[in-house]
Amino acid sequence: MTTYTPSKSSKPSISIFPNHKFSKIDRNIYSGFTEHMGRCIYGGIYDPSNPNKHLTTPEGFRKDVLEALRPLSIPVFRYPGGNFCATYHWQDGIGPLSQRPSRPELAWGAVETNHFGTDEFMSWCDAVKAEPYLCLNFGTGTLDEALAWVEYCNGTKDTYWANLRRANGHAAPYNVKYWALGNEMWGDWQLNQMTASAYADRAWQWAKALKLLDPSIVLILCGKEGPTSWDYQVLKHCLRPAGLSDLGETQTPLIDMHSIHLYTASEDHYENVTGPLAAGRSIEVCSSLIDLAFVENGLPPTQNRPKICFDEWNVWSPPRAPGSKGAEEEYTLSDALAVAVWLNVLVRNAKDLGMACIAQSVNVISPLMTTETGIVKQTTWFPYELFCRYMKGHTVAVHLECDEYTGPTKPKWVRATKETPWMDVSATVDDDEGYVTVCVVNMHLEMDLSTKINGTAGANIHVFSITGANDKVTNMAGKEEVGIKESEWDSSANAEFVFPRCSITMLRWNQK
């Protein structure tokens, strides 16, 4: 938990309390997302036609993408969408490539060849050492089709779809754990857009059938941004006792997580870096709506309370990077700071989060870009890398005293619900290795902040720093303007640390 007090002087201070643990961090908050959109799949993770054959595996996967992602130990990848899944029929993407039909793709205006499908995605997840998370087609799909997909992936009996998986060369079940009940069904861009009432009725019926087929799966309800009447209505309808004795405890809800989505972006630096604070409020309100549904539906508060699945988040400006044109954002240093604030928000709200997925993982609004000859790590890659590698274990108490930014925010209501100090902070302790890790974002464009640091116990601290010449620099012009620089800081020699203007700093030390 991070607390904040306006500074009584111009000198900020950060106090860390490593022995005051709060919430266990589910590593699933560092998950990814791959959608059939733009160059995410074809030319991104899967590139068999690339003339540089040394860049691809025999399966057609990009080696450089795998080599970049593996060290991050990303736990889960969501697939195949996103908006794409509303017209996706998974049976088109299995069996011999020559027999797979090409279909018009209506979400992004493309043609889908179906050369990459379920079996290829499972193989790719295995190659990157991650679990799959599949999103069911709630647009043009049917319950029978959804049940068949679960059976194909997880079936162990002598049944049609399980046997077809075996015939396709995959004897063992994939044991797919995570399944989403549609995507953004509230949106007017969706095929078969639904009212909250219509969606909730359908999600409840599908959930009953899916859990009867495979009680082990984790079902994820389709929410909105979190603090909306849509979220309340679907939670109230679907978080109720299952009433099916075959599922064990009749009081247990069928729903395991509730999905919310939010993107932030602005051309103004301060609106850009304070925007992700809105996600913190979204999580808080959505968590309260889950509690309210439990209370109103008479469920015991400790009976498998669902967590939030923030399965689409990122910095994205659709006018700047339209989805219909591949949504290839060119990220700046300002965007890297915004992503670091996003990640701080996720860590600070760990008690309510079961998963979060950056959208997306390759090429499409992504920190990682491919070219025909290699990869580019955008500015936003580096905070994501540091969090994946080091921010784990439990959140710990940290107190910040700092002056506050008082200008405009986007959305405008951010300051009405969240403080906006010049620095944004989260802190963790690794339960296994004893490392304390603190991430500090200095949002100020002009001012280095010399800060008193309390709670380091005179440790020799390893420092990771991300900054650049100005807030507009990018890594897309063939030169890496932004990266990670490492150094050491002896906190016993000087209790003040200077956080450079427009920077991300990670402090890490072992308290054992």
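From a predicted model like this one, the values you see are computed outputs, not experimental measurements.

Rules behind the numbers
Counting starts from 1 at the beginning of each chain's written sequence and moves along it residue by residue. Predicted model: local features are reported for residues with pLDDT of at least 70 only, side-chain atom pairs are reported and counted for 80 or more only, and whole-chain, interface and lining totals are derived from all residues. In computing side-chain values, all of the structure's heavy atoms are included and hydrogens and water are not. For the purposes of this entry, the term helix denotes a DSSP run of H or I that reaches at least four residues, the term strand denotes a run of E that reaches at least two, and both are numbered from the N terminus. Here the radius of gyration uses the C-alpha set of atoms, whereas the globule reference equals 2.2 Å times the residue count to the power 0.38. When a residue's accessible area, from a 1.4 Å probe over protein chains only, is under 20% of the maximum for its type it is buried; when over 50% it is exposed; and in between it is partly exposed. Throughout, a residue-residue contact means that at least one pair of heavy atoms, one from each residue, lies within 4.5 Å. Values of accessible area rely on a 1.4 Å probe in the Shrake-Rupley scheme; residue burial ignores everything except the protein chains shown. Charge assignment: positive for Lys and Arg, negative for Asp and Glu; neither His nor the chain ends contribute. For this purpose, a charge sits on NZ of Lys, CZ of Arg, CG of Asp or CD of Glu. Here the term cavity refers to a set of points on a 1 Å grid, laid over the protein atoms alone, in which a 1.4 Å probe fits but cannot get out; the term pocket refers to an open set having protein on both sides within 12 Å along at least five of seven lines, with lining residues being those that place an atom within 4 Å of a point. Grid points are joined across faces, edges and corners, and a volume is the space filled by probe spheres set on the points. Under the convention adopted here, Pro, Cys and the residues Ala, Val, Leu, Ile, Met, Phe, Trp and Tyr are nonpolar, Asp, Glu, Lys and Arg are charged, and Gly plus all remaining residues are polar. All domain edges in this entry derive from an automatic or database-based domain assignment. By convention in these notes, a salt bridge is any Lys or Arg side-chain nitrogen within 4 Å of a carboxyl oxygen on Asp or Glu. Orientation is described by lines fitted to C-alpha atoms, with helices fitted over the stretch in contact, and by angles between N-to-C directions that extend from 0 to 180 degrees. In these notes the angle categories are as follows: under 35 degrees is roughly parallel, over 145 is roughly antiparallel, 65 to 115 is roughly perpendicular, and the rest is oblique. Definitions for this section: a left-handed crossing has its near helix turned counterclockwise from the far helix by less than a right angle. A right-handed crossing has that turn clockwise. In this scheme, strands are said to pair when DSSP sees at least two bridges between them. Here the term right-handed applies to a crossover when the path leading from its first strand over the helix to its second strand runs clockwise, the strands being oriented away from the viewer. UniProt positions are given in the numbering used here, feature names are shortened, and annotations may be inferred rather than shown by experiment. Multiply 1.5 Å by the residue count of a helix minus one, and that product is the helix's expected span.

Visitor: Looking at this model, I keep getting lost on the overall build of the protein. Mind explaining?
Guide: Each helix and strand in the protein was counted, giving 11 helices and 22 strands. For the protein, the C-alpha radius of gyration of 23 Å lies close to 24 Å, the compact-globule estimate for 512 residues. Principal axes of the C-alpha set define a box for the protein whose edges measure 70 × 60 × 45 Å. Within the protein, the fraction of its 512 residues that count as buried is 60%. Looking at the protein alone, contacts between residues at least 24 apart form 76% of all its contacts between residues at least 6 apart. Total accessible area on the protein is roughly 19400 Å²; 51% of this is exposed by carbon and sulfur atoms. Each charge class in the protein can be summarised by its mean position, and for the 45 positive and 59 negative side chains these summaries are 2 Å apart.

Visitor: Would you mind going over the layout of surface pockets with me for this structure?
Guide: Any space left empty among the atoms is revealed by the rolling of a water-sized probe across them. Volume-wise, the largest pocket comes out at about 540 Å³. For the largest pocket, the lining is made up of 22 residues, of which Thr2, Glu284, Arg348, Asn349 and Lys418 are closest to its centre. Among the elements of the structure, strand 1 (2–6), strand 2 (13–24), helix 8 (277–296), helix 9 (333–348), strand 15 (394–402) and strand 16 (423–429) are those that each provide at least two residues to the lining of the largest pocket. In the lining of the largest pocket, the residues fall into 9 nonpolar, 6 polar and 7 charged. For the lining of the largest pocket, the two domains that each supply at least three residues are domain 1 (26–391) and domain 2 (402–510). If you add up the space inside the second largest pocket, you get close to 360 Å³. Along its surface, the second largest pocket is lined by 20 residues, and Asn83, Glu184, Tyr263, Glu312 and Trp316 are the ones closest to its centre. With 3 residues, strand 10 (residues 257–264) is the largest single contributor of residues to the lining of the second largest pocket.

Visitor: Sorry if this is basic, but what is going on with the pattern of salt bridges here?
Guide: Two side chains that carry opposite charge are able to pair once their charged atoms sit near each other. Under the criterion given, the structure shown has 24 salt bridges. Between Lys418 and Glu284 there is a salt bridge, and its shortest N-O distance comes to 2.4 Å. Of this pair, Lys418 sits in the loop between helix 11 (414–417) and strand 16 while Glu284 sits in helix 8, placing them 134 residues apart in sequence. What makes Glu284 partly exposed here is its relative accessible area of 28%. Close ionic contact of Arg348 with Asp424 constitutes a salt bridge, the shortest N to O distance being 3.0 Å. You can see Arg348 sitting in helix 9 and its partner Asp424 sitting in strand 16, a full 76 residues away along the chain. Taking the relative accessible area as the measure of exposure, Asp424 reaches 5% and is therefore buried. A single salt-bridge network, built from bridges that share partners, covers Asp291, Arg305, Lys351 and Asp352.

Visitor: Sorry, what's going on with the packing of helix 3 (residues 143–154) against helix 4 (residues 160–167) here?
Guide: Two measures define how a pair of helices packs: the angle their axes make with one another and the distance between the axes. The interhelical angle for the contact between helix 3 and helix 4, taken along N-to-C directions, is 50 degrees, at an axis separation of 7 Å. With respect to helix 4, the element helix 3 is oriented oblique. Relative to helix 4, the crossing made by helix 3 is right-handed. Facing Ala148, Glu151, Tyr152, Cys153 and Asn154 of helix 3, the residues of helix 4 in contact are Tyr160, Trp161, Ala162, Leu164 and Arg165. Taken together, the residues of the contact of helix 3 with helix 4 sort by class into 7 nonpolar, 1 polar and 2 charged.

Visitor: Whenever I open this one, the pairing of strand 12 (residues 353–358) confuses me. Can you help?
Guide: Each regular strand shows side chains that alternate between the opposite faces of the sheet. For strand 12, the tally of buried residues reaches 6 of 6 residues, placing the bulk of the element in the interior. As paired elements, strand 11 (residues 307–315) and strand 12 share 4 bridges and run parallel to each other. By the bridge assignment for strand 12, Ile308 is matched with Leu353. Note on the crossover from strand 11 through helix 9 to strand 12: the handedness is right-handed.

Visitor: Even after reading the chapter, I still don't get the UniProt feature "domain: Alpha-L-arabinofuranosidase C-terminal" (unreviewed entry) in the protein, so can you show me in this structure?
Guide: Cross-referencing UniProt, the feature "domain: Alpha-L-arabinofuranosidase C-terminal" (unreviewed entry) maps to residues 311–503 in the present numbering. This span, residues 311–503, is 16% helix and 34% strand, and a straight line between its end C-alpha atoms measures 26 Å.

Visitor: How should I be thinking about helix 3 in this particular structure?
Guide: Along an α-helix, residues three or four apart share an orientation, since each turn contains 3.6 residues. Here helix 3 is 12 residues long and its end C-alpha atoms lie 16 Å apart, about the 16 Å a rise of 1.5 Å per residue gives. Taking burial as the measure, the 12 residues of helix 3 include 10 buried ones, the bulk of the element. Among all positions in helix 3, only Glu145, Ala146, Leu147, Ala148, Trp149, Val150, Glu151, Tyr152, Cys153 and Asn154 are buried. Packed against the buried residues of helix 3 are helix 2 (118–128), strand 7 (131–135), helix 4, strand 8 (178–180) and helix 5 (196–213).

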